[in-house]
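Listed here are the chains, written in short residue letters.
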Amino acid sequence: MKKLLFIFFASCFMQLANAQIKDPVAWTFEAKKKAADTYELIITANVPKPWHMYSQNMPSGGPVPTKVVFNANPLVKKIGATKETGKLEKINDKIFGMEVQFFSGKVVYTQQVKVKAGIKTNVAGYVNYMVCDDEQCLPPTKKQFDIKLL
């Protein structure tokens, strides 16, 4: 009887472990100093095949677009919009009934910021994104970051 209970609980545990959704995207976060008071924040996503991640520039009514959010910091001022670079693909998606834009492989998000001269601080925030493959989409995910500006 103990052996049967062990097998039952072990199989339940294995099913729960397989049912958990894992995030296939690997992230890196860094800052490059461009001038005494200017930094370039570099947020890199590595999206393995067969997964893809949607562009920041998606019309409403479709998949969740990627969004980079920076927490307010009175010592830091954003310059312009966050740029995305990578191999952008556009397809007419039958499920969403619209043209969608997405990235596979390496995607880099860059943001220029200015800081008060001589100040050491950080930039914190998160990236909200959704990944899909040809059969499924994972729920939107928030990846927190905290980038030191030295």
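### A word on the sheet that holds strand β7 (residues 121-129)
- Judged by pairing direction, the sheet is antiparallel, and its three strands sit side by side in the order β4-β7-β9 without closing on themselves. With one partner strand each, in any of the chains shown, β4 (67-70) and β9 (141-149) form the two edges of the open sheet. Direction aside, neighbouring strands of the sheet carry axes that sit 25° apart on average.
- Pairing of β7 with β9 involves nine bridges; the strand directions are antiparallel. Looking at the pairing, Val123 lines up with Ile147 of β9.

### Details of the packing of aromatic side chains
- According to the stated counting rule, one finds five aromatic pairs in the structure shown.
- The structure contains a cluster of three or more aromatic residues connected by ring pairs, namely Trp27, Phe29, Phe70, Tyr129 and Phe145.
- The ring of Tyr126 is capped by Lys142, whose NZ or CZ atom sits 4.5 Å from the centre of that ring.

### Re the environment of Asp37
- One can find Asp37 in the loop between β1 (26-35) and β2 (38-47).
- For the pair Asp37 and Ala117, spaced 80 residues apart in sequence, the C-alpha separation works out to 5.3 Å.
- The residues contacting Asp37, other than those within four sequence positions of it, are Val113, Lys114 and Val115.

### Section: the environment of Gly97
- Here Gly97 lies in the loop between β5 (76-93) and β6 (98-115).
- What makes Gly97 exposed here is its relative accessible area of 63%.

### Here's the deal with the pairing of β7
- Counting buried residues in β7 gives seven out of nine residues, a clear majority hidden from the surface.
- Here β4 pairs with β7 via four bridges, running antiparallel. When the bridges of β7 are listed, Lys67 appears paired with Asn128.

### Some points on the environment of Gln101
- Within the element layout of this structure, Gln101 appears in strand β6.
- Accessibility expressed as a relative area gives 16% for Gln101, which makes it buried.
- Each C-alpha atom, one on Gln101 and one on Met53, is 8.6 Å from the other, the two residues being 48 residues apart in sequence.

### With respect to the nonpolar core
- Within the largest apolar cluster, 25 residues are counted, with the highest numbers of intra-cluster contacts made by Trp27, Ile43, Met53, Phe145 and Leu149.
- Those residues in contact with Met53 that lie beyond four places of it in its chain are Trp27, Ala45, Val47, Thr66, Phe102, Phe103, Val107, Tyr109, Tyr129, Met130 and Val131.
- Counting seven residues, the second-largest nonpolar core is a separate cluster that includes Met58, Met98, Val100 and Phe102.

### Considering the pattern of salt bridges
- Under the criterion given, the structure shown has two salt bridges.
- Among the ionic pairs, Lys34 bridges to Glu40, the shortest N-O distance being 3.8 Å.
- Here Glu40 falls in the buried class, since its relative accessible area comes to 16%.
- One salt bridge connects Lys114 with Asp37, and the closest N-O pair in it is separated by 3.5 Å. Highlighted residues: Lys114 in strand β6 and Asp37 in the loop between β1 and β2, separated in sequence by 77 residues.
- Overall, the relative accessible area of 26% leaves Asp37 in the partly exposed class.

Reading guide: rules and limits
Residues numbered from 1 in each chain as written. Predicted model: local features only at pLDDT ≥ 70, side-chain atom pairs only at ≥ 80, totals over all residues. Heavy atoms only, no water. Pairing = 2+ DSSP bridges. Helix = DSSP H or I, 4+ residues; strand = E, 2+ residues; numbered from the N terminus. Axes fitted to C-alpha atoms, helices over the stretch in contact; angles between N-to-C directions. Phe/Tyr/Trp six-rings, centres within 6.5 Å; stacked < 30°, edge-to-face > 60°. Lys NZ or Arg CZ within 6 Å of the ring centre and 35° of its normal. Contact = heavy atoms within 4.5 Å. Buried < 20%, exposed > 50% of the residue type's maximum accessible area, 1.4 Å probe, protein only. Core = buried A, V, L, I, M, F, W, Y, C linked by side-chain atoms within 4.5 Å. Salt bridge = Lys/Arg side-chain N within 4 Å of Asp/Glu carboxyl O.

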